[in-house]
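# Overview (structure and organization)
This is what each chain is made of:
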Amino acid sequence: AMTAQQLSSTAWACATLNVNTPATYEALANAALGTLDELGPRGFSNIAWALATAGVREDRFMEKLSKALAEPDRAEALSAQALANTCWAYATLGVRDPTAFAAVARAAPGRLARCDERDLA
C-alpha cells in the first residue's frame, strides 16, 4: 500500500504530466480517503488540485476534505498556496460546500499578509 505522501505525490505527478486516465485519479482519491489525517494540508490540497486539473470529481474525497477543513485549525494550517489550490479545486469541480467555504474564509485573511505574487496567481 502507498503511504499518504506517495499518494499525494503520485496524484500531483499524474496531473502535472497530463495523465488522462480518470480511473487513476479515482483510485488515488479512494486510497487517500483512509489517509486524510496523515496527508496533512499540503497532501490533501495536492490531491484536490490533481483531481480538478484532471477534471475528475470524486465526491467522497471532496466530502471528506470538507469535513477535515471544518475541523478546528485545519484550514488555518494550509499555506497560502495550498489554500488557493484547494479553493481552485472546489471551484473547478463545482463542489459547493458552505462549511468548507466558511473554514477557508476564516483562514484566508491571515494568509494575505504573507502572500507574494505566486500565491495570488
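Residues numbered from 1 in each chain as written. Predicted model: local features only at pLDDT ≥ 70, side-chain atom pairs only at ≥ 80, totals over all residues. Heavy atoms only, no water.

### Some words on the overall build of the protein
A count of helices and strands for the protein gives 7 helices and 0 strands. Relative to its length of 121 residues, the protein is compact, with a C-alpha radius of gyration of 13 Å against a globular reference of 14 Å. Counting all 121 residues of the protein, 42% fall into the buried class. If you take every contact in the protein between residues at least 6 apart in sequence, the share linking residues at least 24 apart comes to 72%. The average position of the 11 basic charges and that of the 13 acidic charges among the side chains of the protein differ by 1 Å. (Helix = DSSP H or I, 4+ residues; strand = E, 2+ residues; numbered from the N terminus. Rg over C-alpha atoms; globule rule 2.2 N^0.38 Å. Buried < 20%, exposed > 50% of the residue type's maximum accessible area, 1.4 Å probe, protein only. Contact = heavy atoms within 4.5 Å. Lys, Arg positive; Asp, Glu negative; His and termini not counted. Charge placed at Lys NZ, Arg CZ, Asp CG, Glu CD.)

### Thoughts on helix α4 (residues 59-70)
The first and last C-alpha atoms of α4 sit 16 Å apart over 12 residues, in line with the 16 Å expected at 1.5 Å per residue. Three or more residues of α4 are buried, namely Phe61, Met62, Leu65, Ser66, Ala68 and Leu69. Looking straight down α4, one finds that the buried residues subtend no more than 165° of arc, so they occupy a single side. With respect to the buried face of α4, the exposed residues turned more than 90 degrees away are Arg60 and Lys67. (Expected span 1.5 Å × (residues − 1). Arc of directions from axis to C-beta.)

### Description of the pattern of salt bridges
Counting across every chain of the model gives 2 salt bridges. For Asp59, the salt bridge identified is with Arg57, shortest N-O distance 2.6 Å. Since its relative accessible area comes to 42%, Arg57 is described here as partly exposed. Note that Glu71 is salt-bridged to Arg74, the shortest N-O span being 3.2 Å. The partly exposed category is assigned to Glu71, whose relative accessible area is 37%. Note on Arg74: relative accessible area 12%, which makes it buried. (Salt bridge = Lys/Arg side-chain N within 4 Å of Asp/Glu carboxyl O.)

### As for the side chain of Thr86
In this fold, Thr86 is placed in helix α5 (residues 80-93). In this structure Thr86 comes out as buried when scored by relative accessible area, which is 0%.

### With respect to the packing of aromatic side chains
Overall, the coordinates contain 1 aromatic pair when judged by the stated rule. Here the aromatic rings of Tyr90 and Phe101 are separated by 5.7 Å at their centres, their planes lie at 75°, and the arrangement is edge-to-face. Placement of the pair is Tyr90 in helix α5 and Phe101 in helix α6 (residues 98-112), with a sequence separation of 11 residues. Residue Tyr90 is classed as buried on the basis of its relative accessible area, which comes to 2%. (Phe/Tyr/Trp six-rings, centres within 6.5 Å; stacked < 30°, edge-to-face > 60°.)

### So, α5
For α5, spanning 14 residues, the distance from its first C-alpha to its last is 20 Å, which sits close to the expected 20 Å at 1.5 Å a residue. Along α5, the positions that sit buried rather than exposed are Ala80, Ala82, Leu83, Asn85, Thr86, Ala89, Tyr90 and Leu93. Phi turns positive, to about 70°, at Gly94, one or two residues after α5.

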